[in-house]
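This is what each chain is made of:
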Amino acid sequence: MDRRRLGRTDLALLVQGQKVILYIKKVGWDFLPHLFLFCHMRRVFAFAALLSLLLAGCSKESRMVINGTISSQWDGVNVYFCPLPHPTEDVVDSTAVKNGTFTFTIPADSCYVARLQLDATVGSDIQMLYVAVEPGILNVELSENSHGGGTPLNDTLQVWKEYISAAQKASSPMHSFALSEQILEYTANLVCNNPNGVGGYLLWRYGRFFPDSTKARIDSLGITKYIPDVSTRKPNK
């Protein structure tokens, strides 16, 4: 073979190949199966390592961790995580308050709205909190004015809650009808901007109060498919 016609890569492969052949001749051809096995095992281990990294990444991204705080006077009392619209026994989760804190780790392979609340039997003034299930870390505080944030949808829900609270405080009984229209318009825009479980839940809860023109706009955006399936009594997947 004329080496002058070979490129650098071809020449390097030829030299390496000649070295391998000389080594095999030196140690004997019985070594060849072991060489093939060694190369095969290296590929298997490399693939296994890559697969474990991918699985670890997926599991990390498909869960939501809720880190909660509450007055330590409620230590030992249960906080409940209630998927909506139907928090049945088979989907509700609970954990006890310890040192004024509580934690939930929730699968987040689907987006839906849930409610955090203290055990109702203790008769507290702790306000329940609506949260959106999505991958990430959600920090919440349960109190007379519960709030949360840390993930995009939950930040959006908190802004919505604060808007409604401020509008109600600034209104008077004489302007209650106009206030309702104002809140519904804000909620409708929130629905239109969230083609996901949050928009679907708000549409299911408040959509019957929207004017026909707003309903038509929401229908054109395809958000109706995110309305919770109340027949299954479980969140949409």
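Residues numbered from 1 in each chain as written. Predicted model: local features only at pLDDT ≥ 70, side-chain atom pairs only at ≥ 80, totals over all residues. Heavy atoms only, no water.

**A closer look at the overall build of the protein chain**
For clarity, the threshold we go by: Helix and strand assignments follow DSSP, with helices taken as H or I runs no shorter than four residues and strands as E runs no shorter than two, numbered in order from the N terminus. Three exposure classes are used, based on accessible area relative to the maximum for each residue type with a 1.4 Å probe and protein chains only: buried under 20%, partly exposed in between, and exposed over 50%. Here a residue-residue contact requires only that any non-hydrogen atoms of the pair lie within 4.5 Å. Here the open area of atoms and residues is found with the Shrake-Rupley method and a 1.4 Å probe, where only the protein chains shown may cover a residue.
Of regular secondary structure, the protein chain possesses 6 helices and 8 strands. Order of helices (α) and strands (β) in the protein chain, N terminus to C terminus: α-α-β-β-β-β-β-β-β-β-α-α-α-α. By residue count, 32% of the 237 residues in the protein chain fall in the buried class. Within the protein chain, contacts between residues at least 6 apart in sequence are counted, and of these 56% link residues at least 24 apart. A total of about 15,200 Å² of accessible surface is found on the protein chain, and carbon and sulfur atoms cover 58% of it.

**Details of the sheet that holds strand S3 (residues 93-96)**
What counts is decided by this rule: When DSSP finds two or more bridges between a pair of strands, those strands are recorded as paired. Every angle, taken between N-to-C directions, lies between 0 and 180 degrees, and every axis is a line fitted to C-alpha atoms, over only the stretch in contact when it is a helix.
Read from one edge to the other, the open sheet built from 4 strands follows the order S3-S2-S5-S6, with strand pairing classed as antiparallel. Looking along the sheet, the strands with just one partner apiece sit at the ends: S3 and strand S6 (129-132). Ignoring which end each strand starts from, the neighbouring axes of this sheet average 25° apart. Here 5 bridges tie strand S2 (residues 78-83) to strand S5 (residues 113-118), and the two strands are oriented antiparallel to one another. Across the sheet, the residue bridging to Cys82 is Arg115, located in S5.

**Details of the environment of Ser165**
With respect to the helices and strands, Ser165 occurs in helix H3 (residues 152-170). For Ser165, a relative accessible area of 29% gives the class partly exposed.

**Notes on H3**
Defined as follows: Take the residue count of a helix, subtract one, and multiply by 1.5 Å to get its expected span.
Over its 19 residues, H3 runs 27 Å from end to end, which matches the ideal 27 Å to within 8%, given 1.5 Å per residue. All of the buried residues along H3 are Leu153, Asn154, Leu157, Gln158, Trp160, Ile164 and Ala167.

**Things to note about the confidence of the model for the protein chain**
Test applied: Residue-level confidence of the predictor is summarised by pLDDT, bounded by 0 at the bottom and 100 at the top.
With 68% of its residues at a pLDDT of 70 or more, the protein chain shows a mean pLDDT of 80. Across residues 1-15, confidence stays below pLDDT 50; counting only partners more than four residues off in sequence or on other chains, it has 7 contacts.

**Structural notes on the packing of aromatic side chains**
Keep this limit in mind: When the centres of two rings from Phe, Tyr and Trp lie within 6.5 Å, Trp using its six-membered ring, the rings pair. Their planes under 30 degrees apart give stacked, over 60 give edge-to-face, and anything left gives tilted.
Scanning the entire structure with this criterion turns up 5 aromatic pairs. Between the aromatic rings of Trp160 and Tyr206, the centroid separation amounts to 6.1 Å while the plane-to-plane angle is 65°, which identifies the pairing as edge-to-face. One end of the pair, Trp160, is in helix H3; the other, Tyr206, is in helix H5 (residues 197-206), with 46 residues separating them in the sequence. Relative to Tyr186, the ring of Tyr163 lies with its centre 3.9 Å away and its plane at 10°, an arrangement referred to as stacked. One end of the pair, Tyr163, is in helix H3; the other, Tyr186, is in helix H4 (residues 176-192), with 23 residues separating them in the sequence. The exposure class of Tyr186 is partly exposed, given its relative accessible area of 25%.

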